[in-house]
Amino acid sequence: MKHLDISEAISKAELRGQTVVVCGWVRTFRDSANVAFLELSDGSSFRKLQVVIDKANLTVESACTATGAAVAVRGTLAQAYKGEGNEINAQTIQLLGKCPAEFPIQKKRTTLEFLRTIPHLRLRTNTFQAVFRVRSVAAQAIHRYFHAHGFYYVNTPLITASDCEGAGEMFRVTTRPWNDSAKSEEEYYKSDFFGVKAGLSVSGQLEGEVAAMALGKIYTFGPSFRAENSNTTRHLAEFWHIEPEVAFAELPDVIELAEDLLKYLIKAVMAECPEELKFFDSFVEKGLLEKLTHVANSDFAVCTYTEAIKILEEKNSQFEFPVHWGSDLQSEHEKYLTEKVFGRPVFVTDYPKEIKSFYMKQNADGKTVAATDLLVPGIGEIIGGSEREADYEKLVAAMDARKMDKSAYKQYLDLRKFGSVPHGGFGLGFERFVMYVTGMENIRDVTLFPRSVKNIM
Ligand code: 4AD
Ligand code: MG
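For clarity, every value in this text was computed on a predicted model and none was experimentally measured.

Definitions and cut-offs
- Residues numbered from 1 in each chain as written.
- Chains lettered and ligands numbered in written order.
- Predicted model: local features only at pLDDT ≥ 70, side-chain atom pairs only at ≥ 80, totals over all residues.
- Heavy atoms only, no water.
- Helix = DSSP H or I, 4+ residues; strand = E, 2+ residues; numbered from the N terminus.
- Buried < 20%, exposed > 50% of the residue type's maximum accessible area, 1.4 Å probe, protein only.
- Contact = heavy atoms within 4.5 Å.
- Areas by Shrake-Rupley, 256 points an atom, 1.4 Å probe, with all protein chains shown as cover.
- Lys, Arg positive; Asp, Glu negative; His and termini not counted.
- Charge placed at Lys NZ, Arg CZ, Asp CG, Glu CD.
- Pairing = 2+ DSSP bridges.
- Axes fitted to C-alpha atoms, helices over the stretch in contact; angles between N-to-C directions.
- Nonpolar A, V, L, I, M, F, W, Y, C, P; charged D, E, K, R; others polar.
- 1 Å grid on protein atoms, 1.4 Å probe; cavity = no way out; pocket = protein on both sides within 12 Å on 5 of 7 lines; lining within 4 Å.
- Points joined across faces, edges and corners; volume = space filled by probe spheres on them.
- Domains from an automatic or database assignment.
- Buried area = accessible area lost by both parts, 1.4 Å probe.
- Polar contact = N/O pair within 3.5 Å; in protein donor to acceptor, adjacent residues only side chain to side chain.
- Salt bridge = Lys/Arg side-chain N within 4 Å of Asp/Glu carboxyl O.
- Phe/Tyr/Trp six-rings, centres within 6.5 Å; stacked < 30°, edge-to-face > 60°.

### A few points about the overall build of the protein chain
- If you tally the helices and strands in the protein chain, you get 13 helices and 15 strands.
- Overall, the protein chain is about 85 × 55 × 45 Å in size when its C-alpha atoms are taken along their principal axes.
- Counting all 457 residues of the protein chain, 50% fall into the buried class.
- For the protein chain, long-range pairs separated by at least 24 residues make up 66% of all intrachain contacts whose partners lie at least 6 apart in sequence.
- With the model as given, the accessible surface of the protein chain reaches about 22,500 Å², and the carbon-plus-sulfur share is 53%.
- Seen as two clouds, the 54 positive and the 61 negative side-chain charges of the protein chain have centres 5 Å apart.

If you want it as structure tokens, here you go:
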């Protein structure tokens, strides 16, 4: 259909006086004695186009004014009577798709909980339009950042035989029928599609390291899958994961890259989505713009796990889970550190080796590994990364200590045999980033069709 995007119809002053066709969905209808107004959205712009109907010259059938109805409007663009940009004086309004009154997105504000029950329609609200516009802009900015900094984009497999984090939270990939009974696990998988146990990847890191050991600087940006049973506001069973991996890099380099990337992304979203962020600042998180401006322009904090535990131990009485050296940080501790102690993003480094993955570089103290988590106010962990263990013997020892099956990691170990170098990287959860820049508090509200425990709508 020949038509003009509403973004252009609104913004282009040079089109005033011209007759154009725009298409969109009716958001609101206001009627008065001589004129009536439709607000039209086609997704191209966060702002809606005001359609002015001069009732003396144009009779509009009621189906065209119903909330949610799809229409094509032919008319003349003119400077908006109120506010900036253009409006359109309608000559004809053609119904493209009617929308009966049972359409659940009506003018009154609906709750996010209710909207979660209609994921296929909630995108037609201002909130979700803004979220998904920001999400798209952020995704483009991620590719731009890495391309500009000499990183190659690689695509790692989604189906894998190795569990990267070694945490046993993989979804299984199988073609065997449900009622099949086998005598042993091995026998069962032998007759399965791949002949071995296979699953959906929890991270592209291990294959990312393979690529970095040849291409130098790489990143992946794709889905990761976690079958963890955590029904929280920040966990999904399927999320998008940005994982850079860099050769000839140590932990401070990893931290520098993470901070630089995050600041770049925040600035990009602020520059490209000013209307959306203004909306979030007014209706979702008061002070969001100030927060983002501050974060983009100041240094993140850095603190070791050991220092963090000392700080937290003094407040143990107020935590549900009191901490001691060796305990994993829970969300309440992460939030306390970043919100109350530092008041800004903080990299926590050098965790006890027992609570981190086998592949992390072992520090000289024999107790900690060169890991880092970036914690941010409102969310907690947004990035997890580390320098990797580059020494063959030490890596084997870490795998043995965890009773891992080394035969499944032959390729990974080979990287430590053939020209091993210091290297590292991190994983940034894309949805958590989108939550952070929009102020949305539930990860299900920044994902088109969120998948979580008992939820696959
Ligand atoms: O800390 P994680 O588990 O680290 C890794 O997977 C490493 N292999 C990354 C690397 O070094 N290349 O996950 C990294 C990030 C987390 O900080 C979080 O932002 C996000 O991925 N994440 C999730 N996001 C949504 N739902 C989940 N279930 C997530 N699990 C992790
Ligand atoms: Mg983590």
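We are not done yet, so read on.
### Description of the pairing of strand E9 (residues 217–225)
- Burial analysis of E9 places eight of its nine residues in the buried class, the great majority of the element.
- In this sheet, strand E10 (residues 238–247) lies alongside E9 in antiparallel orientation, the contact comprising nine bridges. Following the sheet pairing, Lys 217 is matched in E10 by Val 246.

### Digging into the packing of helix H8 (residues 288–297) against helix H13 (residues 430–438)
- Taken N-terminus to C-terminus, the directions of H8 and H13 make an angle of 115°; their axes are 9 Å apart at the nearest point. For the pair H8 and H13, contact is made by Leu 288, Lys 291, Leu 292 and Val 295 and by Tyr 436, Val 437 and Thr 438, respectively.
- Broken down by class, the residue content of the contact of H8 with H13 amounts to five nonpolar, one polar and one charged.

### Describing unusual backbone geometry
- Despite not being glycine, Asp 350 has its phi angle at roughly 55°, a positive value.
- Backbone geometry at Lys 454 places phi at a positive 60°, although glycine is not the residue there.
- Summarising the element assignment, Lys 454 is placed in the segment after H13.

### Some thoughts on the layout of surface pockets
- When its volume is computed, the second largest pocket comes out at roughly 840 Å³.
- Lining the second largest pocket are 35 residues, and of these Arg 109, Thr 125, Asn 126, Thr 127 and Phe 279 lie nearest its centre.
- For the lining of the second largest pocket, the elements supplying multiple residues, two or more each, are strand E1 (19–31), helix H2 (112–116), helix H3 (126–148) and helix H7 (274–283).
- Split into classes, the residues belonging to the lining of the second largest pocket amount to eleven nonpolar, ten polar and 14 charged.
- When residues of the lining of the second largest pocket are sorted by domain, at least three fall in each of domain 1 (6–103) and domain 2 (122–445).

### Thoughts on empty space enclosed by the protein
- On inspection of all chains with the given rule, the structure shows one cavity of 30 Å³ or more.
- Considered as a void within the structure, the largest cavity measures approximately 40 Å³ in volume.
- For the largest cavity, the full set of lining residues is Arg 226, Glu 228, Ser 230, His 235, Leu 236, Ala 237, Ser 452 and Val 453.
- Its residues placed into classes, the lining of the largest cavity shows three nonpolar, three polar and two charged.

### What about the domain arrangement of the protein chain?
- Per the domain assignment, the segments making up the protein chain are domain 1 (6–103) and domain 2 (122–445).
- Centre-to-centre separation of domain 1 and domain 2, based on C-alpha positions: 45 Å.
- Domain 1 puts eleven residues into the contact, and the matching count from domain 2 is nine residues.
- Of the roughly 810 Å² buried where domain 1 meets domain 2, counting both sides, 47% is carbon and sulfur surface.

### A few points about the side chain of Thr 372
- Assignment of secondary structure puts Thr 372 in strand E13 (residues 368–376).
- On the accessibility criterion, Thr 372 (2% relative accessible area) is buried.
- Engagement of the side chain of Thr 372 in a polar contact is seen with the backbone oxygen of Val 348, the distance being 3.0 Å.
- With residues near it in sequence (within four places) discarded, Thr 372 still touches Leu 251, Ile 255, Phe 347, Val 348, Thr 349, Tyr 351, Ile 383, Gly 384, Gly 385 and Ser 386.

### A word on the pattern of salt bridges
- Applying the stated criterion across every chain, the model contains 18 salt bridges.
- Between Glu 8 and Lys 12 there is a salt bridge whose closest N-O contact spans 2.9 Å.
- Residue class for Lys 12 comes out partly exposed when judged on its relative accessible area of 30%.
- Among the ionic pairs, Lys 417 bridges to Asp 414, the shortest N-O distance being 3.6 Å. In this pair, Lys 417 and Asp 414 both sit in helix H12 (residues 410–417), three residues apart, roughly one turn of the helix.
- One network of salt bridges, in which partners are shared, links Glu 209, Glu 245, Arg 388 and Arg 416.

### Let's talk about the sheet that holds E1
- Taken in spatial order, the five strands of this closed barrel run E1-E2-E3-E5-E4, and their pairing is mixed. Here the strands of the sheet are splayed against their neighbours by 55° on average, with no regard to which way each runs.
- Bridging between strand E3 (residues 49–54) and strand E5 (residues 86–97) involves two bridges; their strand directions are parallel. When the sheet's bridge partners are listed, Val 52 is paired in E5 with Asn 89.

### What to know about the packing of aromatic side chains
- For the structure on display, the rule yields 19 aromatic pairs.
- Centroid distance Tyr 188 to Tyr 189: 5.1 Å. Interplanar angle 90°. Geometry classified as edge-to-face.
- Taking the centre distance of 5.5 Å and the plane angle of 70° together, the rings of Phe 358 and Tyr 409 count as edge-to-face. Of this pair, Phe 358 sits in the loop between strand E12 (346–352) and E13 while Tyr 409 sits in the loop between helix H11 (392–401) and H12, and the two are 51 residues apart along the sequence.

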